[in-house]
Amino acid sequence: MLFTQVAWAQDANELFSTANNFIRSGDYANAILVLNQALQLEPDNTQFRKQLGFAYYLRGEMPKAQKIIEPLLDKKDTDAQLYQIAGNIYQSRQDWKGAQRLYDKGIRKFPESGELYNDNGQLLISLKMFDGALNNWLKGIEKDPNFPGNYYNAARTYYYSKDPVWAILYGEIFVNLESYTTRTAEIRDILIESYKKLFNDPSMLNSIPADMESGKKGRRGKTAEHSDFVNVFRQLLAKQTGVISNGIDPETLIMLRTRFILDWYNFYSFKYPFALFDMQRTLLKEGMFEAYNQWIFGPVASQASYRAWTNLHKTEYDKFMQYQRNHPFKLRPDEYYNDGRFTLSR
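Rules behind the numbers
- Residues numbered from 1 in each chain as written.
- Predicted model: local features only at pLDDT ≥ 70, side-chain atom pairs only at ≥ 80, totals over all residues.
- Heavy atoms only, no water.
- Phe/Tyr/Trp six-rings, centres within 6.5 Å; stacked < 30°, edge-to-face > 60°.
- Helix = DSSP H or I, 4+ residues; strand = E, 2+ residues; numbered from the N terminus.
- Buried < 20%, exposed > 50% of the residue type's maximum accessible area, 1.4 Å probe, protein only.
- Lys NZ or Arg CZ within 6 Å of the ring centre and 35° of its normal.
- Expected span 1.5 Å × (residues − 1).
- Arc of directions from axis to C-beta.
- Contact = heavy atoms within 4.5 Å.
- 1 Å grid on protein atoms, 1.4 Å probe; cavity = no way out; pocket = protein on both sides within 12 Å on 5 of 7 lines; lining within 4 Å.
- Points joined across faces, edges and corners; volume = space filled by probe spheres on them.

Inspection of the entire model under this criterion finds 34 aromatic pairs. Seen from their ring centres, Phe-229 and Tyr-272 are 6.0 Å apart, and the 75° between their planes marks the pair as edge-to-face. Pair noted here: Phe-229 is in helix α13 (residues 222–238) and Tyr-272 is in the loop between α14 (250–267) and α15 (275–285), with a separation of 43 residues, a long-range link. The residues Phe-229 and Tyr-272 share a single accessibility class, namely buried. One residue, Arg-183, lies across the ring of Tyr-152, its end atom 4.4 Å from the ring centre. Sitting above the plane of the Trp-295 ring, Arg-188 keeps its charged end 4.9 Å from the centroid.

Another aspect to go through is helix α18 (residues 314–326). Over its 13 residues, α18 runs 18 Å from end to end, which matches the ideal 18 Å to within 8%, given 1.5 Å per residue. All buried positions along α18 are accounted for by Tyr-317, Phe-320, Met-321 and Gln-324. Buried residues of α18, viewed axially, fall in a sector of 100°; they line one side. Summarising the geometry of α18, the exposed residues directed more than 90 degrees from the buried face are Thr-315 and Asn-326. Where α18 is buried, its residues meet α15, α16 (289–301) and α17 (303–312).

Turning to empty space enclosed by the protein, a few remarks are in order. Under the defined criterion, the tally for this structure stands at one cavity of 30 Å³ or more. Within this model, the largest cavity holds a volume of roughly 70 Å³. Surrounding the largest cavity, Ile-168, Leu-169, Glu-172, Tyr-195, Phe-233, Leu-237, Arg-257, Phe-260, Leu-276, Phe-277 and Gln-280 form its lining. Of all the elements in the fold, those that place two or more residues in the lining of the largest cavity are α10 (165–177), α13, α14 and α15.

Next comes the structure, spelled out in structure tokens:
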């Protein structure tokens, strides 16, 4: 009897795997057919049923998808992805309030899910609720720091704000978390344009953090710490305006960012630990910082110059690419410094 049950489970799991392959290839009709067979073997399997609802959603059969997904939301073995699928179904049916209720419920149940904050933010931005959208993306960054989608949306939003500092920080984090997609190319462009925007308006670089004015040390509360972090970042960049007096391109950005990292680790790294700057410092020490900056800014500034640089510095570039493959970038918890108090210009 036990052997029969094991074989039965293997058959069901094999069918589930086959159905997922059909979904990946875009053959949703066959995925639905195979998932229904798997459910005949395991009718109470939530994952099988969830994937069936997802396949109907992808095929555009929203009433069927909704009928399958909704009863699963109250099961004990539900997960954040179920709420994502349900929210997408509601949005496709233009039930905005229903989608919002679902995301809110899902976030209460899964408060560490970056995906749900991201989806809720995208819903709110479509409803022109800009501050609410940004707040969701920032909360997603705080709760799930290695999920890239919230950085992508926050960087794009901050790029249109009155202060592009967070577009620079979040944009660079994003291209390290999601390095080879069409979104990466978009954010690379936003990154270099954000540097131009920042240095074209001296008032953006003039904010002086309290501890630099008074010399006070130690923590003064989380909100003050958040504000100080970004103000220190801004002030250290302001020290290097002479470096980019002839314009911003990969070469001047390398000089600017090298001097910034040296200053940061002379004075502020202990008070404001930050994984992005730690990675930059490692690359600088290992002789890969130039290749890293070319990888980020080169394709945007000039494809011809970028190709010429990589051809001329093939050994350096290959070394960086191998390092990047072998050392995936990871954010650390408790390094969230954004107080969210920026005015968006719309």
